[in-house]
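Understanding the architecture of this molecule
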Amino acid sequence: MNFSKYLRFAVVGACALASCKGGPPTATKPGKYSSTTGIEYNTEEGMRVADYQGIPEGPGLVFIEGGRTVLGTQEEDVTMSHDNIERTVTIASFYMDEAEVANIHWLEYLHFVRKDSSEEIYQRALPDTTVWARELSFNDPYVDYYLRYPGFRYFPVVGVSWLQANDFCTWRTSKVNERLAMDGDDGSSAPKAPKKGLFGRKKNAGDAAEGTDTETGGGSKISIENGNTLPNYRLPTEAEWEYAAQALIGTQEVGNENQENKRIYPWDGRQVRNPYGKSMGTFLANFKRGRGDYAGIAGSLNDGAMITEYVYAYPPNDYGLYNMSGNVNEWVQDIYRPLSFEDVEDLNPFRRNGFLDPSEKYDKKNYQSLIDDHVRVYKGGSWRDVAYWLSPGTRRFMAEDSSTAAIGFRCAMINAGSNK
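Residues numbered from 1 in each chain as written. Predicted model: local features only at pLDDT ≥ 70, side-chain atom pairs only at ≥ 80, totals over all residues. Heavy atoms only, no water.

Turning our attention to unusual backbone geometry. Here Y314, not a glycine, exhibits a phi torsion of approximately 70 degrees, which is positive. Relative to the elements of secondary structure, Y314 occurs in the loop between β8 (300-301) and β9 (329-335). Of note in the backbone geometry, L356 takes a positive phi value of approximately 70 degrees without being a glycine. Among the secondary structure elements, L356 is positioned in the loop between α7 (340-343) and β10 (375-379). (Helix = DSSP H or I, 4+ residues; strand = E, 2+ residues; numbered from the N terminus.)

Following this line, the structure appears as structure tokens:
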């Protein structure tokens, strides 16, 4: 190598290390040259480094700033379950749907499933509308009309199992990233997205496997490294859900590192009525007031809903999330274990399996227990529950392939590219 080549590499290396007077390199401004080798990016020899301006905006999501909190039951444990004892944890920032997934969203899902997939998969995606049917109650109209009648479009979807909710999250991830590719959000000219089947899988045999780089019609690669896709939509963990429902950010003073206030519900105070302004005395959630009292008396309805309610009804909490208490319970990712509060980590706690508490300890075969590795936690209380279940610290469980008229869900997403 002659002297001029030595000089060229020395200059390039110095420029890379100093980022050409632009300060240290960052994820959004990595510079033109590698700060390790001095080799220029995006050349035949160098590595491709795509333009990156941060995580794309995900439809329907609200940013939840993470931090330290105390999870667990805030009130007397009237069920005597002792399965959510208070403990201090830290939750990383994440995103969550501002409202519950509504009937119109599920109908859109069914539309694309029928369009892109087999009839068998479409039938598997249908909610169980018979969850409204009761032997001793005339709920028959809801069986036929609740999901599909236009007036119920923005009421929460129900009759959806935990397994179906997960399938929806997978489909939503695929569809949103397909739209991002078509919009050219990778910084290149807008390409055509690849033709995909259900959950983002390509229809033609031999096409690229899911999770690898795929070429769009315009030649642009869709990949994690390019930063042009959103992370997966998914169900929130139980800890994330409870943290977001607490919304203690609304009680925190700037510069004060102590958490001096707690909340029984996602709002201030010990009551379920609004204590302020023109709405004073109105209920802050959709729940069952007492035996036989779902909505109050005519002319003076309390929560105003005999069954579910509009997903944007009632004031949002301090994170901007609607109906984190009441309306419908919501599925979370975790399997249920009574001792989850003891057996999980204190950073982003999550119960994914029977580690330290195997299902063999629970005698489900002989009907001495309802617990195994296929029961999932749900949270939040519903239109059919009394106020006790509105507290974020309460928890219940149900088989992952079961559904009711009182359980729905919302999606969450990691805050990719951030350590907060």
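Still to come is the rest of the account.
Glancing now at the sheet that holds β10. An order of β11-β10-β9-β12 is seen for the 4 strands of this open sheet, with the pairing classed as mixed. The open sheet has two edge strands with one neighbour each: β11 (396-399) and β12 (407-408). With 4 bridges connecting them, β10 and β11 associate as antiparallel partners. Counted as the bridge partner of Y378 is R396 from β11. (Pairing = 2+ DSSP bridges.)

Further remarks concern the sheet that holds strand β13 (residues 412-414). Spatial ordering of the open sheet is given by β1-β4-β13, a layout of 3 strands whose pairing is antiparallel. Because the sheet does not close on itself, it has two edges, and the strands there are β1 (61-64) and β13. The sheet shows a mean angle of 25 degrees between the axes of neighbouring strands, taken without regard to direction. Two strands pair when backbone bridges link them, and strand β4 (residues 94-97) and β13 are joined in this way by 3 bridges, in the antiparallel orientation. Each bridged residue has a counterpart across the sheet, and for F94 the counterpart in β13 is I414. Those strands touched by helix α6 (residues 238-246) are β1, β4 and β13, and its axis lies near 75 degrees from that of β4. (Axes fitted to C-alpha atoms, helices over the stretch in contact; angles between N-to-C directions. Contact = heavy atoms within 4.5 Å.)

To continue, consider the packing of aromatic side chains. Using the criterion set out here, one finds 25 aromatic pairs in the structure. Ring geometry for F112 versus W171: centroids 6.2 Å apart, planes at 35 degrees, classification tilted. Remark: W171 occurs in helix α5 (residues 162-183) and F112 occurs in helix α2 (residues 103-116); sequence separation between them is 59 residues. Each member of the pair F112 and W171 is classed as buried. Residues F168 and F409 carry aromatic rings whose centres are separated by 5.5 Å and whose planes lie at 75 degrees to one another, so their mutual orientation is edge-to-face. With F168 in helix α5 and F409 in the loop between β12 and β13, this pair connects stretches of sequence that are 241 residues apart. Under the relative-accessibility criterion, F409 is labelled buried at 0%. Here a set of aromatic residues connected by ring pairs shows up, and it is made of W132, Y142, Y146, F152, F155, Y294 and W383. Directly above the ring of W389 sits R396, whose terminal nitrogen or CZ lies 4.0 Å from the centroid. (Phe/Tyr/Trp six-rings, centres within 6.5 Å; stacked < 30°, edge-to-face > 60°. Buried < 20%, exposed > 50% of the residue type's maximum accessible area, 1.4 Å probe, protein only. Lys NZ or Arg CZ within 6 Å of the ring centre and 35° of its normal.)

A cluster of nonpolar residues, Y154, Y310 and Y312, forms a patch on the protein surface that exposes about 280 Å² of accessible area. Relative to the helices and strands, Y154 resides in the loop between α4 (140-145) and α5. (Patch = residues over 30% accessible without salt bridge, like charges linked within 9 Å, V, L, I, M, F, W, Y side chains within 5 Å. Areas by Shrake-Rupley, 256 points an atom, 1.4 Å probe, with all protein chains shown as cover. Salt bridge = Lys/Arg side-chain N within 4 Å of Asp/Glu carboxyl O.)

Quick look at the pairing of β9 now. Burial runs high along β9: 7 of the 7 residues are buried. Of the strand pairs in this sheet, β9 and β12 are connected by 2 bridges, and their pairing is parallel. For E330, the partnering residue across the bridge sits in β12 and is G408. Here β9 runs beside β10; their pairing, made up of 3 bridges, is antiparallel. Its bridge partner lying in β10, W331 is registered against Y378.

What follows concerns the pattern of salt bridges. Considering all chains together, one arrives at 19 salt bridges under this definition. The shortest N-O distance in the salt bridge between K32 and E40 comes to 3.5 Å. K379 is paired through a salt bridge with E238; the nearest N and O atoms lie 3.4 Å apart. Within this pair, whereas K379 is found in strand β10, its partner E238 is found in helix α6, the two being separated by 141 residues in sequence.

With that settled, consider the confidence of the model for the chain. On average, residues of the chain carry a pLDDT of 85, and 85% of them reach 70 or more. A low-confidence stretch, residues 16-20 stays under pLDDT 50, and its non-local contacts, those more than four residues away or across chains, total 9 contacts. (pLDDT = per-residue confidence, 0-100.)

Let us look at the nonpolar core. In this structure, W106, F168, Y233, W331 and F409 are the most contacted members of the largest nonpolar core, which totals 31 residues. Of all the secondary-structure elements, those providing two or more residues to this core are α2, α3 (119-125) and α5. Among the elements that make up this core, the one with the highest residue count is α5 (7 residues). F409 has contacts with E100, V101, W106, V157, V160, A165, F168, L235, N329, E330 and W331, leaving out every residue within four places of it along the chain. The next biggest cluster of nonpolar side chains, apart from the first, holds 23 residues, and it includes M324, V332, Y362 and I371. (Core = buried A, V, L, I, M, F, W, Y, C linked by side-chain atoms within 4.5 Å.)

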